[in-house]
Amino acid sequence: MEFKKSPDGGWGWVIVLVSFFTQFLCYGSPLAVGVLYIEWLDTFGEGKGKTAWVGSLASGVGLLARLGCGLLYTATVTITCQYFDSHRGLALGLISTGSSVGLFIYAALQRLLIEFYGLDGCLLIVGALALNILACGSLMRPLQSSDCPLPEKTALESVPDRYSIYSEKEKDLEENTNILGKSHGAEETCKGTLASGGRKQESLLHKNPTTVAHAKEAETYKKKVAEQTYFCKQLAKRKWQVYKNYCGETVALFKNKVFSALFIAIFLFDIGGFPPSLLMEDVARSSNVKEEELIMPLISIIGIMTAVGKLLLGILADFKWINTLYLYVATLIVMGLALCAIPFAESYVTLAILSGILGFLTGNWSIFPYVTTKTVGIEKLAHAYGILMFFAGLGNSLGPPIVGWFYDWTQTYDTAFYFSGCCVLLGGFVLLLAALPSWDTCNKLLPRPAPATFLYKVPSNV
């Protein structure tokens, strides 16, 4: 299905605004879960690995919240990509800063709410604030296809005629009616035999007007049941075809090696890249950093720099001379190195610098939809992005508990962050190897001429 040409403005800026606030309300608290993580450790007294499961499942309000956040994120990114083309990088950068601004504000807000209302009261107020997402969603208008308006809902009675691809309706209805007739006849015979014990009573019943009316009602009932049976068969065939097409499209996506590498990279990135936002406050406490030295919470530094990174990287993605895929790979490799450097940090200043670097590089979320669109096309973006976000959420949930378990086993975060850094580095190099031949279009645009096309005339000496 082809969409109308992207307006690159107009109502698209309203989409950007409401998408910004959607991500602000949806992801502000989950990304600032590091503040709650300290409270959970003190409240429940469990190990860091076990407690990290709570934070990784969307700030402790349940797995349904993680599902809702995933649906909202995919919706905001997809509709923004539909409304923007030449300014797509800027638009994606603007909406994705919503989660970073939310991280910065919610980090301070949740501390105040815990101080005044306790942990339970804090979570209730955060959940109430999230209800404002409904108002944002009411302003999102999907871009219609270029060839036809949005389809209307089809009445149940007209569905069988619409989907009768083959001329099977009369045949199926006749078969279903015959089956029902046979069963109904057998039932009537049994009833007549038990009631009268002979054929005289049956002949009298045929002459009775009430019996005739009952027979007509039974015939009408049989036809309705036959039609409903046919409808169920056609609906099952259609649903099976839809699932078959979906599986075929999914297989076709994974045949694209750049998409397969993106799949691996985003999974490894979320395993290794998400734990700092959850555990950085506890890392500072484990490094014996005094509270009076904490000029600004490390989680707030990550939030500010993530917003800056999303905006700047989104602007860079709009430049024609910048290969967005290579830019994304560069952020993964540098981020992996920064994660491996965290064990060497022994002061608040060093941790703050590393938090700023990690926050800025985490801003590559703003160009990830751009890269996905360039890889699979705008028509397949929703399908491809949904798959990638599912496994990104899976990595997001697995990363913090794995890092916490490393700490429980070794009583230090060193091994944990080495593991995180190696995961991100591996994802970056896998994507780089897959991208090198696939994004090189020079050979396609400028084919080398065949040597046989050059003719030379050699003068003869004879």
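Just so we're clear, the structure is a prediction, and the values are computed from it rather than from any experiment.

Q: How would you sum up the overall build of the chain? Please name residues and give values.
A: Along the backbone of the chain there are 19 helices and zero strands. A total of 462 residues make up the chain; the buried ones form 43% of that total. Sequence-distant contacts, at least 24 apart, represent 84% of the contacts inside the chain between residues at least 6 apart. Total accessible area computed for the chain in this model is approximately 25,600 Å², and 65% of it derives from carbon and sulfur atoms.

Q: Break down empty space enclosed by the protein for me, with residues and values.
A: Within the structure shown, the criterion is met by one cavity of 30 Å³ or more. Counted as a void, the largest cavity has a volume near 30 Å³. As for the largest cavity, its lining consists of Q23, Y73, V77, L92, I95, S96, W365, S366 and P369. With three residues, helix α5 (residues 88–130) is the single largest residue contributor to the lining of the largest cavity. Considered class by class, the residues forming the lining of the largest cavity number six nonpolar, three polar and no charged. No fewer than three residues from each of domain 1 (1–140) and domain 2 (236–439) sit in the lining of the largest cavity.

Q: Explain helix α15 (residues 348–362) residue by residue, including any values.
A: With 15 residues, α15 should cover 21 Å at 1.5 Å per step; its first-to-last C-alpha distance of 20 Å lies within 8% of that length. Those residues of α15 that sit buried are Y348, L351, A352, L354, S355, G356, L358, G359, L361 and T362. Buried residues in α15 make contact with α12 (275–286), α13 (298–317) and α14 (324–341).

Q: Can you tell me about the nonpolar core, naming the residues and giving the values?
A: Membership of the largest hydrophobic core comes to 96 residues, with the highest contact counts inside it found for Y328, F368, Y413 and L431. Here this core takes eleven residues from α5, the largest share from any one element. A domain-level breakdown of this core finds at least three residues from each of domain 1 (1–140) and domain 2 (236–439). Setting aside anything within four residues of it in sequence, one finds F368 in contact with L262, I266, Y328, Y385, L388 and M389.

Q: Before we move on, could you go through the pattern of salt bridges and cite the residues and values that matter?
A: Evaluation of the coordinates by the stated rule reveals one salt bridge. Between D85 and R88 there is a salt bridge, with the nearest N and O atoms lying 3.7 Å from each other. The class for D85 is partly exposed, based on a relative accessible area of 44%.

Q: Summarise the environment of L31; cite the residues concerned and give the values.
A: With respect to the helices and strands, L31 occurs in helix α1 (residues 11–31). When the C-alpha atoms of L31 and F274 are compared, they prove to be 8.8 Å apart, with 243 residues separating the residues in sequence. Sequence-distant contacts of L31, defined by excluding residues within four places in its chain, comprise S99, L103, F274, S277 and I299.

Q: I'd like a description of the packing of aromatic side chains, backed by residues and values.
A: With the rule as written, the count across this model stands at 17 aromatic pairs. Relative to W409, the ring of F406 lies with its centre 6.0 Å away and its plane at 80°, an arrangement referred to as edge-to-face. Taken as a pair, F406 and W409 lie in helix α17 (residues 381–410) at a separation of three residues, close to a single helical turn. Taken together, the aromatic side chains of F254, F259, F263, F390 and F391 make up a single cluster linked through ring pairs.

Q: So what's going on with the confidence of the model for the chain? Which residues, and what values?
A: Overall, the prediction assigns the chain a mean pLDDT of 75, with 72% of residues at 70 or greater. Residue range residues 193–202 is modelled with pLDDT below 50. Its contacts to residues more than four positions away, or to other chains, number two contacts. Across residues 438–462, where pLDDT falls below 50, the model places seven contacts with residues more than four positions away in sequence or in other chains.

Q: Outline the side chain of T80, listing residues and values.
A: Within the secondary structure, T80 sits in helix α4 (residues 63–83). If we skip the residues at most four places from it in the chain, T80 touches I15, S19, A91, L92 and I95.

Q: Quick one: what's the story with unusual backbone geometry, residue by residue and with numbers?
A: Residue Q411 is not a glycine yet carries a positive backbone phi of 60°. Looking at the element boundaries, Q411 is found in the loop between α17 and α18 (414–438).

Q: Run through a nonpolar patch on the surface, naming residues and quoting values.
A: Nonpolar side chains collect at one region of the surface, where F104, I105, I295, M296, I304, V308, L311, L312, I315, L316, F319 and W321 lie side by side and expose about 1,100 Å² of accessible area between them. Counting residues per element, the ones that place at least two in the nonpolar patch are α5 and α13. Here I304 is to be found in helix α13.

Q: Hey, could you go over the packing of α13 against α15 for me, with residue numbers and the actual values?
A: In contact at an axis separation of 6 Å, α13 and α15 are set at 35° when each is read in the N-to-C sense. Regarding α13 and α15, the two cross each other, and that crossing is right-handed. In this structure, α13 uses L298, I301, I302, M305, T306, V308, G309, L312 and L313 to contact α15, whose residues at the interface are Y348, L351, A352, S355, G356, G359, F360 and T362. Here the residues of the contact of α13 with α15 sort into eleven nonpolar, six polar and no charged.

Conventions we followed
- Residues numbered from 1 in each chain as written.
- Predicted model: local features only at pLDDT ≥ 70, side-chain atom pairs only at ≥ 80, totals over all residues.
- Heavy atoms only, no water.
- Helix = DSSP H or I, 4+ residues; strand = E, 2+ residues; numbered from the N terminus.
- Buried < 20%, exposed > 50% of the residue type's maximum accessible area, 1.4 Å probe, protein only.
- Contact = heavy atoms within 4.5 Å.
- Areas by Shrake-Rupley, 256 points an atom, 1.4 Å probe, with all protein chains shown as cover.
- 1 Å grid on protein atoms, 1.4 Å probe; cavity = no way out; pocket = protein on both sides within 12 Å on 5 of 7 lines; lining within 4 Å.
- Points joined across faces, edges and corners; volume = space filled by probe spheres on them.
- Nonpolar A, V, L, I, M, F, W, Y, C, P; charged D, E, K, R; others polar.
- Domains from an automatic or database assignment.
- Expected span 1.5 Å × (residues − 1).
- Core = buried A, V, L, I, M, F, W, Y, C linked by side-chain atoms within 4.5 Å.
- Salt bridge = Lys/Arg side-chain N within 4 Å of Asp/Glu carboxyl O.
- Phe/Tyr/Trp six-rings, centres within 6.5 Å; stacked < 30°, edge-to-face > 60°.
- pLDDT = per-residue confidence, 0-100.
- Patch = residues over 30% accessible without salt bridge, like charges linked within 9 Å, V, L, I, M, F, W, Y side chains within 5 Å.
- Axes fitted to C-alpha atoms, helices over the stretch in contact; angles between N-to-C directions.
- Left-handed = near helix turned anticlockwise from the far one by under 90°.

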